[in-house]
Number of protein chains: 4
Amino acid sequence: MFVGGDFRNANYKIIMLKNKTLKLVEKGSHGSKINSVYDIFIMVLILLNIVAIILETIPEIYDSYKNTLHIFEIVSVIIFSIEYLLRIYVSDITHPSSSRFKSALKFIFSIYGIIDLLAILPFYLPVVFKIDLRFIRILRFARFIRILKINRYNKSLSLICTVIKEKKSELTITGFVTFLILLIASFIMYFVEKDAQPDAFPNILAAFWWAVATLTTVGYGDIYPITGIGKVISGIIAILGIGLVALHTGIVSAGFIEKIGKDKKEKKTCPHCGEEID
Amino acid sequence: MFVGGDFRNANYKIIMLKNKTLKLVEKGSHGSKINSVYDIFIMVLILLNIVAIILETIPEIYDSYKNTLHIFEIVSVIIFSIEYLLRIYVSDITHPSSSRFKSALKFIFSIYGIIDLLAILPFYLPVVFKIDLRFIRILRFARFIRILKINRYNKSLSLICTVIKEKKSELTITGFVTFLILLIASFIMYFVEKDAQPDAFPNILAAFWWAVATLTTVGYGDIYPITGIGKVISGIIAILGIGLVALHTGIVSAGFIEKIGKDKKEKKTCPHCGEEID
Amino acid sequence: MFVGGDFRNANYKIIMLKNKTLKLVEKGSHGSKINSVYDIFIMVLILLNIVAIILETIPEIYDSYKNTLHIFEIVSVIIFSIEYLLRIYVSDITHPSSSRFKSALKFIFSIYGIIDLLAILPFYLPVVFKIDLRFIRILRFARFIRILKINRYNKSLSLICTVIKEKKSELTITGFVTFLILLIASFIMYFVEKDAQPDAFPNILAAFWWAVATLTTVGYGDIYPITGIGKVISGIIAILGIGLVALHTGIVSAGFIEKIGKDKKEKKTCPHCGEEID
Amino acid sequence: MFVGGDFRNANYKIIMLKNKTLKLVEKGSHGSKINSVYDIFIMVLILLNIVAIILETIPEIYDSYKNTLHIFEIVSVIIFSIEYLLRIYVSDITHPSSSRFKSALKFIFSIYGIIDLLAILPFYLPVVFKIDLRFIRILRFARFIRILKINRYNKSLSLICTVIKEKKSELTITGFVTFLILLIASFIMYFVEKDAQPDAFPNILAAFWWAVATLTTVGYGDIYPITGIGKVISGIIAILGIGLVALHTGIVSAGFIEKIGKDKKEKKTCPHCGEEID
């Protein structure tokens, strides 16, 4: 009995510990102060990792702080690895399945599992395969999405996603028409400009690059028409660009307003008599 | 009787075959699996044609794969030609008229008929007239519109078109005002900048090119003001550009929202008498 | 009696003639075919005038067609002058006043009267004062506004004007804030960049030019930051530019939608029971 | 009694004087003509100060008008200093507190108090500490906010602020996603372009600068991709830029329309019981 009690006690302790771990690694579980501290610690660590990757690309800094950066990298990977293992450990709660192993697999192949793995993999792989995958480390930034997802911005994010989804059909069609315009414009531009400036418009791909830069009104100035007809086409494309911005914005605006209208409609009852108001 | 039955049977078979052909060439007729396969085949063929035209403009690739590209072109034209003939064959169903011949003509001079013809014509014409119309081959891409029209994007496309049509009057007026602004700005700019940079602003047409590039906020950087007053005008034009984007977007947004409102209204009933309100 | 009748008859004829003249010169009076012909004639004449002014700025064309252009100019001015005199003649109907003379003055100093005068004045003035005011000829284009005003676009134009007027206060405030941002940004940019590139940022006015080009996202590329802090400020200004576009568009969109809502509200009665619907 | 009456009279006079001072320095107290004159005087003085600071950065003008500019600066600072002292004097009315001293402190450390101080401080500090803080003088322009706040634009400004505040959550999330896109794009771009143009893309920070210039569609042209894959990414970023403009505008538009809808709702009554609905 005592042994059984101890066992039950020990079991209970393990469950408690697992729950605590769960609360810790899964941000947003409004719990003790330690959770908030942990969340902020991870956020700062991610940000510092991003800064470190940026700094490594500046030769002067990399040469001076090579060792510091390397140590920081090792420490980061260890922390992220421990967190990854802890997440596997609590996967039977976060990803309930028939067996422990299946839960673990379910987590590992979930989007968040893959993001977490990709954040640490680039460190281990070169050790084994002797290939440089360091640039995949930028995926560590994707871990922010996890923090983003489970917080007060959740509602806003889902609203934006809903609007985009609902207007997917209209946006796809305008996207297709945009592509059509780009293609036709780059074809015409190539045949119009190729003789006047063969260096700027060597082939249709170069003309397509020009078309994108013009329609989006970026206009770097590395490639632009010099013939009269080329300028006319360029002007038309630029004006169409404004039109497309207007169209896209109109669709998205309507989506947001429609959504607000729907939300209002669903709960519209008079507070005095209780009857619904259309 | 048997002969008559046979004839009727044969006639029936022909009608069935025609219907099958119709279903095949007219995408969107939700039918057997073969229709979907055919649709995807044609879509891929169109895309490959576009890719081929792009690749032909890159000398290195053209020189190496000249024969392959030519054979692909011949095969494509044969397929498109057969499809064109099949469409003429089923034109008495798609374009019903008093006689077979009239139906065929009706199809040939319909927008889709012309698009289909223009997609294959550039191949046959040079053979006959010895002129190079190859660049018209880009019209093959226009055939996508056929696929686009008869599918699930149909509703979205018609919504966008309806909104643009309904707001045609407002968009025309802002378009006219835009043109007016462009014209006045280029006149002023020409007289302001012609002495400071005669090469950049040789005449009003060049100034108009600058005005378009500024108002649409493309700003290639090939032509810009250097005098003080020129910069002031340029700044005003650029700010007006933002205003025009706002105006166009506002009009289009209002159009979309109005449309949604109308659609909702259609199901609206009066709260007093309960009858529906158009 | 006969004399009196004749007189009345003559008087009647004069009134009829005046009315006809009125209908002729004031576009939009939906009348006989001759009015439409006259309207189109004047529109074409204005357009040809614009084309002529553009062509005159191209030396090659001007040298070759000097005489033709000069004759066309004289003919145009004669037609516009006759029309101007006719408008003065009918001013007692269009601008009713206590006396004929006051009506004429009322027309001459009305906006349209001034536009009409400015369209012909540049021709007469150099003859008298020996000064070159040819470039004022672009004001002939402003005469299009007259045609624009009295036609089917009238409703759309007044809708757009109403929306802009109603949102004047919001647009003024955002305009002021924009100016504030531009000013502060150019001050900071000047102190940040003046040492790194004294040629590009010689004084605050040059920095202001950069600020406008950046905020409106034109970005010609003639002036841009090269210091780190300068690039940070530039990025912030460019992002604020997007925000300002969003703000302006939001205000204008809301204006259009509000307007539509109001128009609906005014006439909202149930067609079945006649009662008003809120 | 007489003394008491005198004292009370003197006290009354002081209160009256204080109230007059209050009305004078606090714009918007619709009072006598002198208040309007004073307001316009201060506005003109601020504008002249801004002009003076701009002119001082142009060497030719500074050398010629050094003394005039210096005298103007001294006069301006004296006026602003007197006004600042007057505001402290009336602070017991504008910032009521338990004691006179606390009221003064309350004003001094209020936003407007700090702005007022910063507008005059740059003049006094160099005299004491021998450091050049002249560029802080641009803060004088911030004093415009005071004028802006207490006038007829107040309502519009608060409407815009309310909309932005209400949509803060959505705008923050899109802002975060924008930053994420910028970061990922600059990482990829750096690894793609660093070999082709090591001068343009020396490190990720330079790539980030490119990303901002492209996403905001400014496109100065000082840095742009030259490799094929770089151009593809650039095109995607530019198109995403348009999408983000659409998203932001949609959110802001919806905010404005929602706000209008709410304002309308406030006057709404239930059609069933006739009572008002909040």
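Definitions and limits used
Residues numbered from 1 in each chain as written. Chains lettered and ligands numbered in written order. Predicted model: local features only at pLDDT ≥ 70, side-chain atom pairs only at ≥ 80, totals over all residues. Heavy atoms only, no water. Helix = DSSP H or I, 4+ residues; strand = E, 2+ residues; numbered from the N terminus. Buried < 20%, exposed > 50% of the residue type's maximum accessible area, 1.4 Å probe, protein only. Contact = heavy atoms within 4.5 Å. Axes fitted to C-alpha atoms, helices over the stretch in contact; angles between N-to-C directions. Parallel < 35°, antiparallel > 145°, perpendicular 65-115°, else oblique. Nonpolar A, V, L, I, M, F, W, Y, C, P; charged D, E, K, R; others polar. Patch = residues over 30% accessible without salt bridge, like charges linked within 9 Å, V, L, I, M, F, W, Y side chains within 5 Å. Areas by Shrake-Rupley, 256 points an atom, 1.4 Å probe, with all protein chains shown as cover. Salt bridge = Lys/Arg side-chain N within 4 Å of Asp/Glu carboxyl O. Core = buried A, V, L, I, M, F, W, Y, C linked by side-chain atoms within 4.5 Å. Buried area = accessible area lost by both parts, 1.4 Å probe. Polar contact = N/O pair within 3.5 Å; in protein donor to acceptor, adjacent residues only side chain to side chain. Phe/Tyr/Trp six-rings, centres within 6.5 Å; stacked < 30°, edge-to-face > 60°. Least-squares fit on C-alpha atoms with pLDDT ≥ 70 in both. pLDDT = per-residue confidence, 0-100.

Enquirer: Looking at this structure, I do not really get the overall build of chain A. What am I missing?
Expert: Helix and strand content of chain A: twelve helices and zero strands. For chain A, the succession of helices and strands along the chain, N to C, is α-α-α-α-α-α-α-α-α-α-α-α. When the 278 residues of chain A are sorted by exposure, 44% land in the buried category. Long-range pairs, those at least 24 residues apart, make up 62% of the contacts in chain A between residues at least 6 apart in sequence.

Enquirer: In this structure, what is going on with the packing of helix H10 (residues 168-193) of chain B against helix H8 (residues 154-166) of chain C? I would like to understand it.
Expert: When two helices pack together, their arrangement is given by the angle between their axes and by how far apart the axes lie. Viewed as axis vectors pointing N to C, H10(B) and H8(C) meet at an angle of 75 degrees, and their least axial separation amounts to 9 Å. Compared by their axis directions, H10(B) and H8(C) come out roughly perpendicular. Each of Ser169(B), Glu170(B), Ile173(B) and Thr174(B) in H10(B) lies in contact with H8(C), whose residues at this interface are Ser156(C), Leu157(C), Leu159(C) and Ile160(C). Taken together, the residues of the contact of H10(B) with H8(C) break down into four nonpolar, three polar and one charged.

Enquirer: Would you mind going over a nonpolar patch on the surface with me for this structure?
Expert: Residues and elements named next belong to chain B. Taken together, the side chains of Phe101, Leu105, Phe109, Ile114, Leu118 and Leu139 make up a nonpolar region of the molecular surface, amounting to roughly 560 Å² of accessible area. Going through the elements one at a time, helix H6 (100-108) and helix H7 (111-129) are the ones with two or more residues in the nonpolar patch. Of note, leucine 118 is situated in helix H7. For leucine 118, a relative accessible area of 31% puts it in the partly exposed group.

Enquirer: It is not clear to me how the nonpolar core should be interpreted in this structure. Could you clarify?
Expert: Within soluble globular proteins, side chains that are nonpolar tend to cluster in buried spots. One finds Trp210(A), Phe187(B), Trp210(B), Phe187(C), Trp210(C) and Trp210(D) to be the most contacted residues of the largest nonpolar core, which totals 149 residues. Setting aside residues no more than four positions away along its own chain, Trp210(C) makes contact with Ala185(C), Met189(C), Phe201(C), Ile223(C), Tyr224(C), Pro225(C), Ile233(C), Ser234(C), Ile237(C) and Tyr220(D). The next biggest cluster of nonpolar side chains, apart from the first, holds 49 residues, and it includes Ile160(B), Leu159(C), Ile260(C) and Leu247(D).

Enquirer: Is there a simple way to think about the interface of chain A and chain C in this case?
Expert: Accessible area lost during the coming together of the parts is what is often quoted as the interface size. Listed per partner, the contact involves four residues of chain A and four residues of chain C. Carbon and sulfur atoms supply 40% of the area that chain A and chain C bury against each other, a total of about 190 Å² over both sides. Taken as a group, Thr217(A), Thr249(A) and Ile257(A) account for 60% of the area that chain A buries against chain C, more than any other trio of residues on that side. Across the contact surface, chain A and chain C share zero residue pairs in polar contact (both at pLDDT 80 or more).

Enquirer: Would you mind going over the packing of aromatic side chains with me for this structure?
Expert: Any pair of aromatic rings gets described here by the distance separating the centres and the angle formed by the planes. For the structure on display, the rule yields 24 aromatic pairs over all chains. Arranged with centres 5.9 Å apart and planes meeting at 40 degrees, the rings of Tyr220(A) and Tyr224(D) form a pair that is tilted. Residue Tyr220(A) is found in the loop between helix H11 (204-215) and helix H12 (228-266), and its partner Tyr224(D) is found in the loop between helix H10 (204-215) and helix H11 (228-265); the two belong to separate chains. Looking at Tyr224(D), the relative accessible area reads 25%, which means it is partly exposed. Counting every residue linked through ring pairs, the aromatic cluster contains Trp209(A), Tyr220(A) and Tyr224(D).

Enquirer: Looking at this model, I keep getting lost on the relation of the copies chain A and chain C. Mind explaining?
Expert: Two copies of a chain can be linked by a rotation about an axis combined with a shift along that same axis. Taken as rigid bodies, chain A and chain C are interconverted by a rotation of 180 degrees and an axial shift of 0.0 Å, the fit giving an RMSD of 0.1 Å. Classification of the inter-copy transformation places it as that of a two-fold axis. The share of interface residues of chain A whose copies in chain C are also at the interface is 100%, consistent with both copies meeting through the same surface.

Enquirer: Could you clarify how one ought to interpret the pattern of salt bridges in this entry?
Expert: Side-chain pairing between opposite charges can occur once the charged atoms of the two side chains come close. All names here are of chain A. Evaluation of the coordinates by the stated rule reveals 20 salt bridges over all chains. A salt bridge links glutamate 166 to lysine 259; its shortest N-O distance comes to 3.7 Å. Of the two residues, glutamate 166 sits in helix H9 (residues 154-166) while lysine 259 sits in helix H12, which places them 93 residues apart along the sequence. Residue class for glutamate 166 comes out partly exposed when judged on its relative accessible area of 35%. When salt bridges that share partners are traced, they join Glu83, Arg87 and Asp116 into one network.

Enquirer: Hey, could you run me through the confidence of the model for chain A in this one?
Expert: In regions of low pLDDT, the predicted coordinates are not meant to be interpreted in detail. Residue and element names in this part refer to chain A. Overall, the prediction assigns chain A a mean pLDDT of 80, with 79% of residues at 70 or greater. Per-residue pLDDT, averaged within each element of chain A, yields its smallest value for helix H8 (residues 144-149) (65) and its largest for H11 (91). ipTM for the predicted complex: 0.77, alongside a pTM of 0.80.

Enquirer: Teacher, can you tell me more about unusual backbone geometry here?
Expert: Excluding glycine, residues mostly carry a negative phi; peptide bonds, for their part, are mostly trans. With phi around 60 degrees, Thr217(B) is a residue other than glycine that occupies positive phi space. Inspection of the secondary structure assignment puts Thr217(B) in the loop between helix H11 (204-215) and helix H12 (228-265).

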